[in-house]
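The lines below spell out each chain.
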Amino acid sequence: MLRKSNTKMVNPLPFLGHQGSPGHEGMSQMGLGMAIAASMVVLTMFQQFLFSHFGGYLERCLRKLVSSMDPYVQIRFTEESTDGGGPKNYEAYAAIETYLSSKCSAQAPRLKANSVRDINAPVLCVDDGEGVSDEFNGVTVWWHLGKEKDQGDIYRGSRRNRNRYYALTFRKKNREMVVGEYVRQVMEEGKAVAASHRQLKLYSNSSSEHGAYWNFIMDFDHPARFETLAMDKEKKEEIIDDLIRYLLYGPPGTGKSTMIAAMANLLSYDVYDLELTAVLSNAALKRLLNRIPCNSILVIEDIDCSSKITNQREMNNQDDEKTVKILEKVTLSGLLNCIDGLFSANDGGRLMVFTTNNMEALDSALIRRGRMDKHIHMTYCGFEAFRILAKNYLRMEEHELFGRIEELLKESSVTPADVAETLIERRGKAEDCGGEYYLNKLIRVLEENCETKKSINREMLEKKGKGELENEECE
Ligand SMILES: Nc1ncnc2c1ncn2[C@@H]1O[C@H](COP(=O)(O)OP(=O)(O)OP(=O)(O)O)[C@@H](O)[C@H]1O
Ligand SMILES: [Mg+2]
């Protein structure tokens with residue numbers, strides 16, 4: 001991957017080039033010509049003799065001498081090498097390109113926008129022959145984008161730009177630090193920037209007679225971010241700090257799916273959405289989970305419905321003609337075995353999230369601590385969550401109506417989705433009525449919700465009272 005050479009291209013044997021001979025006074029022109037020709041022949045023979053007997057040795061000595069006088073070292077990172085180091089070379093080259101993109105936009109006079117594999121925005125980089133400097137721990141280094149001479153048939157007809165390279169030049173005395181620390185930091189930073197711009201993807205499972213497989217559904221471009229997720233700050237921080245295995249539970253519209261999208265965006269992970277009812281057997285499930293690569297989130301939504309279906313079918317259809325097919329279906333214990341084996345806490349790079357609206361319906365084996373590390377209750381909208389939604393949709397951080405909304409939120413049971421639905425209306429309107437209009441609208445929604453809740457409570461109390469009265473009469 002790395003090739004070291006000296007910065008300056010120096011002719012290694014300068015004095016063995018053609019030499020002219022001084023003229024000789026009194027010699028005829030022809031004599032002079034003959035003398036020159038003779039000396040050329042002798043010189044050429046001498047040159048050939050030296051090369052055939054000592055050429056390699058002499059060249060090496062001279063290279064050493066020249067290099068000892070040259071204070072610079074150069075390392076080339078080629079996009080692809082002739083020795084078959086392809087993908088690894090490309091990885092290093094792409095990391096450098098991404099790392100340098102931030103430096104070159106300020107320095108290089110000529111830039112070009114390149115699309116880099118799996119990155120969803122073009123990367124700005126220096127144009128051919130251009131260079132930029134960089135500083136690290138007080139040491140200056142220089143980068144330039146070069147193009148190797150045409151390598152002939154090896155590269156012909158293949159990918160464009162194949163023979164490009166980034167050359168890193170630095171002072172010899174800094175060799176140890178640059179080759180070690182600096183290059184490592186360039187690679188790490190380049191890869192981190194690339195990861196944060198990675199185009200995320202959404203997959204879902206299907207089955208055919210050939211078995212279970214993952215289908216690419218679409219690029220995953222969800223706007224959800226933790227910053228815009230409406231929930232308590234402390235709870236959010238705790239989740240971010242410890243992303244491993246989660247069970248998200250709460251009523252519809254409290255943000256379970258939105259939270260998964262925010263996790264994918266935070267980690268730059270692809271999403272694998274597993275529909276358990278479409279998996280035909282435990283073996284198929286294992287195969288599917290085995291095929292989930294690192295940097296992915298496995299999602300099983302509405303796990304209560306999935307596990308209920310499988311358990312019920314196993315129990316109720318003993319004599320049914322479909323029994324064989326159903327017994328082949330994935331079972332709860334099959335699922336538990338898979339997740340215990342494949343998604344362990346120290347298996348960095350793979351995260352598993354289940355969601356449910358109905359925590360009580362879940363088998364306790366599935367949700368016990370150690371199997372599902374964290375149970376996150378997604379709740380009705382509180383005041384802190386409302387503030388985030390007001391900022392998201394109305395760009396408002398304070399308003400005198402906030403106090404009234406805070407009071408009403410304590411009494412009501414509305415989801416963040418309900419609040420978002422009221423506030424988002426502002427976006428579609430040609431005429432802007434102002435944020436206050438939508439706050440008032442929300443207040444009416446909340447008041448209505450409080451009223452409904454109160455009347456339901458009254459009804460329940462009445463029923464309870466009646467029941468007690470009837471019971472007393474019976475006695
Ligand atoms: N906590 C939240 N923060 C920000 N937006 C939210 C939040 N909860 C809900 N929303 C908004 O409401 C919409 C619906 O939420 P979401 O689909 O995440 O709910 P859910 O809990 O997954 O519901 P279900 O149980 O029906 O699947 C989202 O697209 C988002 O706009
Ligand atoms: Mg959902």
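The numbers attached to residues start from 1 for each chain and follow its sequence in the written order. Here the convention is simple: chains get letters from A, ligands get numbers from 1, in the order in which they are written. Per-residue local features of the predicted model are confined to residues with pLDDT of at least 70, and side-chain atom pairs are confined, for both listing and counting, to 80 or more; whole-chain, interface and lining totals are unaffected and use all residues. Calculation of side-chain values draws on the structure's entire complement of heavy atoms; hydrogens and water are dropped beforehand.

Strand order in the open sheet formed by seven strands is 9-8-11-12-13-10-14, and the pairing between neighbours is mixed. Each of the sheet's edge strands pairs with one partner strand only, and the pair in question is strand 9 (211-219) and strand 14 (374-377). Across the sheet, the mean angle from the axis of one strand to that of its neighbour is 25 degrees, orientation sign disregarded. We call two strands paired when DSSP finds no fewer than two bridges between them. Runs of E in the DSSP output that reach at least two residues are strands. Runs of H or I that reach at least four are helices, and both are numbered from the N terminus. Here strand 12 (residues 296-300) pairs with strand 13 (residues 350-356) via five bridges, running parallel. For Ile-297, the partnering residue across the bridge sits in strand 13 and is Leu-351. We call two residues contacting when some pair of their heavy atoms lies within 4.5 Å. Each axis is a line fitted through C-alpha atoms, and for a helix only the stretch in contact is used; angles between axes span 0 to 180 degrees, taken between their N-to-C directions. Here helix 5 (residues 256-267) sits on the sheet and contacts strand 10 (245-249), strand 11 (270-273), strand 12 and strand 13; the angle it forms with strand 13, its principal contact strand, is near 170 degrees. Relative to the sheet, helix 6 (residues 282-290) contacts strand 8 (201-208), strand 9, strand 12 and strand 13, its axis offset from that of strand 9 by approximately 40 degrees.

Another aspect to go through is the site of ligand 1. Whether a residue is near a molecule or strand depends on its heavy atoms: it is near if one of them lies within 4 Å of it. With respect to spatial proximity, 16 residues lie near ligand 1, and among them Ala-230, Gly-253, Lys-256, Ser-257 and Thr-258 are the closest. Contact between ligand 1 and Lys-256: an oxygen atom at 2.8 Å from a side-chain N or O atom of the residue. What qualifies as a polar contact is a pair of N or O atoms within 3.5 Å, subject to a donor-acceptor requirement within protein and to the restriction that residues adjacent in sequence count only when both atoms come from side chains. Residue Asn-357 places a side-chain N or O atom 2.9 Å away from an oxygen atom belonging to ligand 1. We get accessible surface area from the Shrake-Rupley algorithm with a probe of 1.4 Å; when it comes to residues, only the shown protein chains can shield them. Protein chains shield 73% of the accessible area of ligand 1, which is 630 Å² for the free molecule.

A few words on the nonpolar core. Leu-274, Leu-285, Ile-303, Leu-335, Phe-354 and Leu-366 are the most contacted members of the largest nonpolar core, which has 29 residues in total. Ranked by residues supplied to this core, first place goes to helix 9 (residues 332-342) with five residues. Beyond its immediate stretch of four places on either side in the chain, Leu-285 contacts Leu-274, Leu-276, Val-279, Val-330, Gly-334, Leu-335 and Cys-338. We define a nonpolar core as any set of buried Ala, Val, Leu, Ile, Met, Phe, Trp, Tyr and Cys residues linked to one another through side-chain atoms lying within 4.5 Å. The buried label goes to any residue with under 20% of its type's maximum accessible area, the exposed label to any with over 50%, and the partly exposed label to all in between, with areas taken from a 1.4 Å probe on protein chains only. One finds Phe-77, Met-177, Val-183 and Val-186 within the second-largest nonpolar core, a separate group that totals 27 residues.

Another aspect to go through is the pattern of salt bridges. Only one rule defines a salt bridge in this text: a Lys or Arg side-chain nitrogen within 4 Å of an Asp or Glu carboxyl oxygen. Evaluated as defined, the whole model comprises five salt bridges. Residue Glu-407 is joined to Arg-404 by a salt bridge in which the shortest nitrogen-to-oxygen separation is 3.4 Å. Residue Glu-407 and its partner Arg-404 are located together in helix 12 (residues 402-411), separated by three residues, close to a single helical turn. Classification of Glu-407 as partly exposed rests on a relative accessible area of 47%. Taking the relative accessible area as the measure of exposure, Arg-404 reaches 34% and is therefore partly exposed. The closest approach of N and O atoms between Arg-404 and Glu-447, which form a salt bridge, is 2.9 Å. Note that Arg-404 is positioned in helix 12 and Glu-447 in helix 14 (residues 435-474), a separation of 43 residues in sequence. Overall, the relative accessible area of 32% leaves Glu-447 in the partly exposed class. When salt bridges that share partners are traced, they join Arg-404, Glu-407 and Glu-447 into one network.

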